[in-house]
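Results of the structural survey
Below are the chains, spelled out letter by letter.
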Amino acid sequence: LDSFLSVSCIAKWLAHRVESLHINIEDNGVPISKLHQCLSQTKNVTDPELFLPHVPIVGWARLLRNLRLPCLRYLRSNAPHSILEGFLDRHPHLIYLSMGHCTKRRNSCTLGTAPLSSLSDLTGPIACLLSIIANKPLTYVTASCNSPWDFSVLFLHFITKLSSSTSAITRLALPFDAGDLHFVRHIATAVPHLVLLQLTERPRQQWALRFGHAWGNMHNWAEDLALMANLRILGLRTLASLATGAADELALVVAWTALHYSLTHIALSYHFRSPQHILNYWDFTNGAWVNTRGVVDPIFNFFFM
């Protein structure tokens, strides 16, 4: 950082040519003044990444205060949302936004007031997305949820927002409750034109799974997936044991797609976060499902990173 600032003070053209800037400092004692100077000098940056997990809210306020990046189009940051709000107000032409955990209480995030009329790709906590997704030209949405409670309520609110939004969402990544047997139908009703759907199963206590996992009810899943006629890519991640081998996986894939005619790519990740973790890919080729284990299609870069 010091070297860059020293050189850029002499050769300003160097800082002006920076388009991509990645700042990830996990140490304490982050030099806020120097970082602010660095960002101020790289005025033509288009896709900064700012991750400073140990910087307090007052530090973020100093870092982003009055900062204007006229070429900014893509932003990834763990900045507090209360500070990020003012920064977004000054950058209405943002296309992509990925934000971190929110410290505000549920349903109190005010990022939805930012005038992001060009926003097409959004990633963040599901509770905060509730206030943003309305009346935005979104096509890609990735939701996360770290809260161990109230997820079912959040999910239904989120789906309701999606169904009333003017967005033409074609790619959706979403967590779901392991005990919710109808969530795919809710998704299909709210966003029927999805092309890509990534699902991450949230663990539940065993008593809450008395009716099994939703994906285990293969006939119902097939019917619900068929409601999304444009769906081409499906990803499922679970902590549970999805199958005991390739034959079991194939039986699931065939059953899920029995009523579907456009679904041609499926990614399965199970025993997630365990030493037994399995990640497999299935492609529909020449009229049959083929396990392409070990051959990662670039189309799946979106999944399971």
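The structure reproduced in this document is the subject of the present report.

Focus on the sheet that holds strand S9 (residues 233-237)
Strand order in the open sheet formed by 12 strands is S1-S2-S3-S4-S5-S6-S7-S8-S9-S10-S11-S12, with mixed pairing between adjacent strands. Either end of the sheet is taken by a strand with one partner, and the two such strands are strand S1 (20-24) and strand S12 (288-291). Sheet twist, expressed as the average angle between the axes of neighbouring strands with direction ignored, equals 10 degrees. Here 4 bridges tie strand S3 (residues 74-77) to strand S4 (residues 96-99), and the two strands are oriented parallel to one another. For Tyr74, the partnering residue across the bridge sits in S4 and is Tyr96. Those strands touched by helix H10 (residues 246-256) are S9, strand S10 (265-270), strand S11 (278-285) and S12, and its axis lies near 50 degrees from that of S11.

Digging into the packing of aromatic side chains
Any two aromatic rings considered together are summarised by their centre-to-centre distance and by the angle between their planes. In total, this model carries 4 aromatic pairs according to the counting rule given. By the ring-pair criterion, three or more aromatic residues cluster together here, those being Phe176, Phe183, Trp221 and Trp256. In this arrangement the basic side chain of Arg171 is found over the ring face of Tyr140, its NZ or CZ atom lying 4.0 Å from the centre.

Comments concerning the nonpolar core
With 85 residues, the main nonpolar core has Phe158, Leu172, Ile187, Leu199, Trp221 and Trp256 as its most contacted residues. For this core, the leading source of residues is helix H7 (residues 151-164), giving 6 residues. If near-sequence neighbours (up to four positions away) are discounted, Ile187 is found in contact with Phe155, Ile159, Leu172, Leu174, Pro192, Leu194, Leu197, Leu199 and Met228.

What about the pattern of salt bridges?
By the definition in use, this model includes 3 salt bridges. When the shortest N-O distance is used, the salt bridge between Arg202 and Asp177 registers 3.8 Å. Taken as a pair, Arg202 in strand S8 (residues 196-202) and Asp177 in strand S7 (residues 171-177) lie far apart in primary sequence, 25 residues in all. Each member of the pair, Arg202 as well as Asp177, carries the same accessibility label: buried. One salt bridge connects Asp224 with Arg185, and the closest N-O pair in it is separated by 2.6 Å. Here Arg185 lies in helix H8 (residues 183-190) and Asp224 lies in helix H9 (residues 218-226), a separation of 39 residues in the sequence. A residue is classified by how much of its surface remains accessible, and Asp224, at 3% relative accessible area, is buried.

Here's the deal with unusual backbone geometry
The backbone of Asn66 shows a phi angle near 60 degrees, a positive value even though the residue is not glycine. Within the secondary structure layout, Asn66 lies in the loop between helix H4 (57-64) and S3. In this structure, Asn286 takes a positive phi of about 55 degrees despite not being glycine. Locating Asn286 in the fold gives a position in the loop between S11 and S12.

Quick notes on the packing of H8 against H9
Relative to each other, H8 and H9 sit at 10 degrees, their axes nearing to 8 Å. The angle between H8 and H9 places the two elements in the roughly parallel class. Contacts from Phe183, Val184, Arg185 and Ala188 of H8 reach H9 at Trp221, Glu223, Asp224 and Leu225. Classifying every residue of the contact of H8 with H9 gives 5 nonpolar, no polar and 3 charged.

Reading the values: the criteria
- Residues numbered from 1 in each chain as written.
- Predicted model: local features only at pLDDT ≥ 70, side-chain atom pairs only at ≥ 80, totals over all residues.
- Heavy atoms only, no water.
- Pairing = 2+ DSSP bridges.
- Helix = DSSP H or I, 4+ residues; strand = E, 2+ residues; numbered from the N terminus.
- Axes fitted to C-alpha atoms, helices over the stretch in contact; angles between N-to-C directions.
- Contact = heavy atoms within 4.5 Å.
- Phe/Tyr/Trp six-rings, centres within 6.5 Å; stacked < 30°, edge-to-face > 60°.
- Lys NZ or Arg CZ within 6 Å of the ring centre and 35° of its normal.
- Core = buried A, V, L, I, M, F, W, Y, C linked by side-chain atoms within 4.5 Å.
- Buried < 20%, exposed > 50% of the residue type's maximum accessible area, 1.4 Å probe, protein only.
- Salt bridge = Lys/Arg side-chain N within 4 Å of Asp/Glu carboxyl O.
- Parallel < 35°, antiparallel > 145°, perpendicular 65-115°, else oblique.
- Nonpolar A, V, L, I, M, F, W, Y, C, P; charged D, E, K, R; others polar.

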